[in-house]
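What follows is the residue order along each chain.
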Amino acid sequence: MTAATIRVNEIFGPTIQGEGALIGQPTVFVRTGGCDYRCSWCDTLHAVDSAYRDEWQPMTPASILMQVDILSGGHPLMVSLSGGNPAIQPLGPLIHLGQEDGYRFALETQGSIARDWFGDLDLLTLSPKPPSSGMETDWQRLAECVEAAGPATRVAMKVVVFDDADYAYAREVASRYPGQPLYLQPGNHTPPHPGEEDGFIDMNGIMDRMRWLVGKVTSDRLYSATVLPQLHTLVWGNLRGV
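Since the structure is predicted, the reported quantities are computational estimates derived from the model, not experimental observations.

Once that is clear, we can look at the overall build of the protein chain. From N to C terminus, the protein chain includes six helices and nine strands. Considering only C-alpha atoms, the protein chain reaches an extent of 50 × 40 × 30 Å along its principal axes. Taking all 242 residues of the protein chain together, 51% fall into the buried category. Pairs at least 24 residues apart make up 72% of the contacts formed inside the protein chain by residues separated by at least 6 positions. Within the protein chain, the 28 negative side-chain charges are centred at a point lying 4 Å from the centre of the 17 positive side-chain charges.

Next comes the structure, spelled out in structure tokens:
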């Protein structure tokens, strides 16, 4: 790999964004490989675990954009940069190249690595991981990510919630960042295993958690939060590449 090469796990779409501030919006996904976290309920292990690195293709920004352009039919739309943790990858040149052709870029990361090119994004979603993930939040690094976005990039917070401890964590995020939109979503406790991406999903359990989460937010009057499901999960379950 060269400095300008990006490790890509998969590129797919157009489909809809299933989460957060852009939910329902048509998008092409560029999923990068590699992550500095190992969340207990990760639903994209194929893009996280180094055991699957043979599936990650080194690509130049120009080759990535060419594939995005083919998928979109030459119509610039939103490009969602995901992972793994896409902040690991040198995505600045891709963003600049795509914006020259009218594409917009959104990126989601846990907020553990700040990049100066965050300020070139249209949307930065910071999704710090709650206690159920088994990961510990470095609040200083999260703050550095917010600062790196600068005034031109929209910043939103998103927290996956499985239980009361996660909900308390989400309230902590809300108190630390009262000026940022906060999106809460129920976690998928039956994530797919690599190679079994159309496997069993406990949709009833997920919806029970959704109703519980709505009840918590309304009873606590946490009116700054927006509670949303994973729309792609409701439509396609654990199916990959949609």
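For the rest of this paragraph, the subject is the packing of aromatic side chains. Aromatic ring pairs are described here by two measures, namely the spacing of the ring centres and the angle between the planes. Counted by the stated rule, this structure contains four aromatic pairs. Residue placement shows Arg176 over the ring face of Trp139; its charged tip is 4.0 Å from the ring centre.

Evaluated as defined, the whole model comprises two cavities of 30 Å³ or more. A volume near 40 Å³ is recorded for the second largest cavity. For the lining of the second largest cavity, the residue count by class is three nonpolar, four polar and three charged.

Pairing is possible between side chains that carry opposite charge, provided their charged atoms lie close to one another. The tally for this structure, following the rule as stated, stands at eight salt bridges. A salt bridge links Glu10 to Arg31, with the nearest nitrogen and oxygen atoms 2.9 Å apart. With a gap of 21 residues between them, Glu10 in strand β1 (residues 6–16) and Arg31 in strand β2 (residues 26–32) connect regions that are remote in the sequence. Across the pair, Arg31 and Glu10 agree in class, each one buried. A salt bridge links Asp220 to Arg171, with the shortest nitrogen-to-oxygen separation between them at 3.5 Å. Placement of Asp220 in the loop between α5 (203–219) and β9 (225–227) and of Arg171 in helix α4 (residues 164–176) is noted, with a sequence separation of 49 residues between them. Through salt bridges with shared partners, a single network forms among Glu19, Glu108 and Lys158.

Below, the discussion takes up the side chain of Ser72. With respect to the secondary-structure elements, Ser72 resides in helix α1 (residues 61–72). A polar contact of 3.3 Å, which involves the side chain of Ser72, links it to the backbone oxygen of Asp69. Filtering out sequence-adjacent residues up to four positions away, Ser72 remains in contact with Pro14, Leu77 and Tyr103.

Rules used throughout
- Residues numbered from 1 in each chain as written.
- Predicted model: local features only at pLDDT ≥ 70, side-chain atom pairs only at ≥ 80, totals over all residues.
- Heavy atoms only, no water.
- Helix = DSSP H or I, 4+ residues; strand = E, 2+ residues; numbered from the N terminus.
- Buried < 20%, exposed > 50% of the residue type's maximum accessible area, 1.4 Å probe, protein only.
- Contact = heavy atoms within 4.5 Å.
- Lys, Arg positive; Asp, Glu negative; His and termini not counted.
- Charge placed at Lys NZ, Arg CZ, Asp CG, Glu CD.
- Phe/Tyr/Trp six-rings, centres within 6.5 Å; stacked < 30°, edge-to-face > 60°.
- Lys NZ or Arg CZ within 6 Å of the ring centre and 35° of its normal.
- 1 Å grid on protein atoms, 1.4 Å probe; cavity = no way out; pocket = protein on both sides within 12 Å on 5 of 7 lines; lining within 4 Å.
- Points joined across faces, edges and corners; volume = space filled by probe spheres on them.
- Nonpolar A, V, L, I, M, F, W, Y, C, P; charged D, E, K, R; others polar.
- Salt bridge = Lys/Arg side-chain N within 4 Å of Asp/Glu carboxyl O.
- Polar contact = N/O pair within 3.5 Å; in protein donor to acceptor, adjacent residues only side chain to side chain.

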